[in-house]
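Read off the chains here:
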Amino acid sequence: MADSVNSSVNSSVNPFLAPSTLPYQLPPFADIRDEHYREAFDHGIAEQLAEIALIVSNPDEPTFENTLLPLERSGQTLQRVAAVFFNKSSSDSNDFTNALEEELAPLLAAHEDAIRLDPGLYARIASVHAQREELGRDAESLYLVERYHTEFTLSGAGLSDEDKAALRDFNKRLSTLTTRFEKNLLADTNELAVLIDDVAQLDGLAAGEISAAAEAAKERGLNGYLISLVLPTSHPYLASLTNREVRERLLSASAARGIRGGAHDNRELVLEISRLRAERARLLGFDSHAAFVTADETAKTPDAVAEMLGRLAPAAARNARAEQAELQQIIDGSGEGFELAAWDWAFYTEKVRQATFDVDTAAMRPYFELERVLQDGVFHAATRLYGVTFTPRPDLVVWHPDARVFEVSDEDGSPVGLYIGDFYTRDSKRGGAWMNPLISQSALLETPTVVCNNMNISKPAAGEPTLLSFDEVNTLFHEFGHALHGLFAQVTYPKFSGTNVYRDFVEFPSQVNEMWMLQPEVLANYARHHETGEPMPQDLVDRIHASSTFNEGFSTSEYLAAALLDQAWHRIDADAVVTDVAEFEASALAAVGLDNPLVPTRYASTYFAHTFSGGYDAGYYSYIWSEVLDADTVDWFTENGGLTRENGDRFRDRLLGVGGRMDPLEAYRDFRGRDAIIQPLLDRRGLN
């Protein structure tokens, strides 16, 4: 098969069949055509299977050199095309990418199974693992042996042939269903965007937000103003819109995703995905999918996750009820005479915030112009901490005109990699914000680093400034933390490159990077009025800090509700019968005391992309699990002088630069000098 593919594909025509000759091996986007993708996938799959067959058929005794090294070198064509295609399908999809992704999902699942379930390959890995004490290899190489043996074992490599056949069926079906879930969600999110006829109904929004809504309507050929939905249940405009009916329409549209019947209804997919995951877990020897997932995370067991989340939930719910009572008092005192509803929470929260702390988050927007936030905030903090600089590379073409390329260099001028920012929303981009690697550093493969950040910021009309919300600024710092992790990791083996760490550790570096958003010397450098250039007033900054735990009852509750809902879906056993999504949700949230209708879960099941299509299944707890490390690390930076090169170098060398080449908690102990403690997190979220 490999020979026939090689003979039929011309590497001079298909750009994926050889490393790019562009700087940092940046994929040659200008040369990539739709027909190249499937051709390269087919070739890459056949090529890697042939490479694996050579390993398995080697008559020599298994060694690190003849088993692990060629395994790490295998699949380079497949990796090149997959990185580009899945970035495109998530950030700039179309009918072609949607159709091809559905075709590829079962094929790629079967391909992974062909490798993970190959008995000959597993036997060779197990043999190397058994003699690991005598290998005489460095620590990273020994860890590579450990990781391969653990992952293959947990993935079912030791099952009988009959059970492997059943496992392949599960994996193939699940890959198709999760892909369909994501496509349904994108389509329903676009369809449910809220169209406003009269600009007066947008009272409270800033001029740039109204301009963005007008542009969004224009792009679809509609008259009026179109408010696109964001991935979470709550929408940032709910804090500003004075028209209560519009607020209700917006929240109702958000909550309606995936439950309206028809082609984009996700309820049956939720039921089938959770059931199949439970059945697969039993086949693999686990009580639940959550047990299967956490077995190879730092948490290790669902009970450890439940213990932590359960410790936080009662205090969060109690704080939210106190906040609710305060909001109702504001409404009653205004003479408006209605009972607080979920779509009112953000709006009246801002009134309380202004009354209590004199902080108006909407009034901050003029100080948060995108270009200044990026260049003088996000990049500036990285330069101060790590000595890196960012040079625009407009000569380098990527997948969309809005995406921009920057070359990253160390203080001595040596290359670090390329950073690509694609910040604006569009109908072809899935919701949320994320980081993707396009090229991942590896000394073994001699590959450099190219990473990209995607966000969904509303784009105003041409010539108007892009003004960010407080939360959008925070998100940009967060996602850039992932990018730094990808850029700084220096590893030998591609398996450990960039952010290839445990899922419940991967959010830690990005959460730490959020701390620099309000660091005085960083904030003063970027938070300047886009018209006057005046810095954000210091007294406003002080009030922001004073209000840091404000509304944390709501924020923590909506997050924990989603994390516990994710756990509930994935702690069911294979014999459980669930027939009603809404009923299951209500029961799961009631069981943990987070069934407050005024505080809806951050993601309901039918649009919970993290857990039903995004790789965070049974792992959405990761954010707050990682935040324990994050809050403890922020304390360390504060205790040691904050934004200094010495501190940055220590964090880079001992954590970001490690990538996945050692146990992440060992890396944390090396950095911190001890295990993390939970008290800083409780203080941060007002949960004492």
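For the structure, see preceding data.
Residues numbered from 1 in each chain as written. Predicted model: local features only at pLDDT ≥ 70, side-chain atom pairs only at ≥ 80, totals over all residues. Heavy atoms only, no water.

**Q** What is the right way to look at the packing of helix H15 (residues 370-386) against helix H16 (residues 470-488) in this model?
**A** Any two packed helices are characterised by the angle at which their axes cross and by the distance between the axes. Running from N to C, H15 and H16 point in directions that differ by 45°, and their axes come no closer than 11 Å. Of the possible angle classes, the one that applies to H15 and H16 is oblique. Both H15 and H16 take part in a crossing whose hand is right-handed. Between H15 and H16, the contacting residues are Leu370, Val373, Gly377, Val378, Phe379, Ala382 and Tyr386 on the first element and Val473, Leu476, Phe477, Phe480, Leu484 and Phe488 on the second. When the residues that make up the contact of H15 with H16 are grouped by side-chain class, the tally is 12 nonpolar, one polar and no charged. (Axes fitted to C-alpha atoms, helices over the stretch in contact; angles between N-to-C directions. Helix = DSSP H or I, 4+ residues; strand = E, 2+ residues; numbered from the N terminus. Parallel < 35°, antiparallel > 145°, perpendicular 65-115°, else oblique. Left-handed = near helix turned anticlockwise from the far one by under 90°. Contact = heavy atoms within 4.5 Å. Nonpolar A, V, L, I, M, F, W, Y, C, P; charged D, E, K, R; others polar.)

**Q** What's the story with the sheet that holds strand S3 (residues 389-392) in this structure? I'm lost.
**A** Strands pair in a sheet through their backbones, by hydrogen bonds, and they do so in one of two ways: parallel or antiparallel. Read across the open sheet, the five strands follow the order S3-S4-S5-S7-S6; overall the sheet is mixed. In the strand order of this sheet, the two ends are held by S3 and strand S6 (434-439), each with one partner. Strand after strand, the sheet turns through a mean of 30° between neighbouring axes, direction not considered. Relative to strand S7 (residues 450-457), strand S5 (residues 415-424) runs parallel, the two being bridged by six bridges. Directly across from Ile420, in S7, lies its bridge partner Cys452. (Pairing = 2+ DSSP bridges.)

**Q** Is there a simple way to think about the packing of helix H24 (residues 645-654) against helix H25 (residues 664-672) in this case?
**A** For the pair H24 and H25, the least separation of the axes is 9 Å and the interaxial angle reads 155°. Judged on the interaxial angle alone, H25 and H24 are roughly antiparallel. For the pair H24 and H25, the sense of crossing is right-handed. Facing H24, whose interface residues are Arg650, Phe651 and Arg654, H25 presents Ala667, Asp670 and Phe671. Here the contact of H24 with H25 is composed, by residue class, of three nonpolar, no polar and three charged.

**Q** How do you make sense of the pairing of S6 when you look at a structure like this?
**A** Put simply, side chains in a regular strand alternate between the two faces of the sheet. In terms of residue burial, S6 counts as a mostly covered element, since five of its six residues are buried. The pairing of S6 with S7 spans five bridges and is classified as antiparallel. In the sheet register, Ile439 faces S7, and the bridge partner there is Val450. (Buried < 20%, exposed > 50% of the residue type's maximum accessible area, 1.4 Å probe, protein only.)

**Q** Explain unusual backbone geometry here, please?
**A** Located in the positive-phi region is Gln25, a residue other than glycine, with phi close to 55°. Mapped onto the fold, Gln25 is located in the loop between helix H1 (2-8) and helix H2 (34-56). A positive phi angle is found at Asp358, which is not glycine, with a value near 55°. On the secondary structure map, Asp358 appears in the loop between helix H14 (345-357) and H15.

**Q** Help me understand the environment of Ala561, please; the structure alone is not making it clear to me.
**A** By the element assignment, Ala561 lies in helix H20 (residues 552-571). Its relative accessible area of 0% is what places Ala561 among the buried residues. The spacing of Ala561 and Thr601 is 40 residues in sequence and 5.1 Å in space, taken between C-alpha atoms. For Ala561, the contacting residues outside a window of four places in its chain are Leu589, Leu594 and Thr601.

**Q** It is not clear to me how the pairing of S5 should be interpreted in this structure. Could you clarify?
**A** Counted residue by residue, S5 has nine buried out of 10 residues, so it is predominantly covered. Relative to S5, strand S4 (residues 404-409) is paired through six bridges, and the arrangement is antiparallel. Of the residues in S5, the one forming a bridge with Glu407 is Leu418.

**Q** Help me out: how do you make sense of the pattern of salt bridges in this one?
**A** Any two side chains of opposite charge can pair, on the condition that their charged atoms come close. With the rule as written, the count across this model stands at 48 salt bridges. Put simply, Asp402 and Lys459 hold a salt bridge, and the shortest N to O gap is 2.9 Å. One end of the pair, Asp402, is in the loop between S3 and S4; the other, Lys459, is in the loop between S7 and H16, and 57 residues separate them in sequence. In this structure, a network of salt bridges that share partners links the residues Glu112, Arg116, Arg147, Glu151, Asp296 and Lys495. (Salt bridge = Lys/Arg side-chain N within 4 Å of Asp/Glu carboxyl O.)

**Q** Is there a simple way to think about the nonpolar core in this case?
**A** In globular proteins that are soluble, nonpolar side chains generally tend to be buried together. Residues Phe368, Tyr526 and Leu560 are the most contacted members of the largest nonpolar core, which totals 151 residues. Setting aside anything within four residues of it in sequence, one finds Tyr526 in contact with Tyr367, Phe368, Arg372, Val373, Asp376, Gly377, Val473, Phe477 and Met517. Leu17, Ile45, Leu100 and Leu438 belong to the second-largest nonpolar core, a separate cluster that totals 29 residues. (Core = buried A, V, L, I, M, F, W, Y, C linked by side-chain atoms within 4.5 Å.)

**Q** Which parts of the structure should I look at to understand the environment of Asn500?
**A** Inspection of the secondary structure puts Asn500 in the loop between H16 and helix H17 (503-513). Overall, Asn500 belongs to the partly exposed group, its relative accessible area being 40%. Residues Asn500 and Arg661, 161 residues apart in the sequence, show an inter-C-alpha distance of 8.9 Å. When residues no more than four places from it in sequence are discounted, the contact partners of Asn500 are Pro494, Lys495 and Gly660.

**Q** Looking at this model, I keep getting lost on the side chain of Glu350. Mind explaining?
**A** With respect to the helices and strands, the residue Glu350 is situated in helix H14. In this structure Glu350 comes out as buried when scored by relative accessible area, which is 7%. Apart from the residues lying within four places of it in its own chain, the contact partners of Glu350 are Ala239, Val359 and Thr361.

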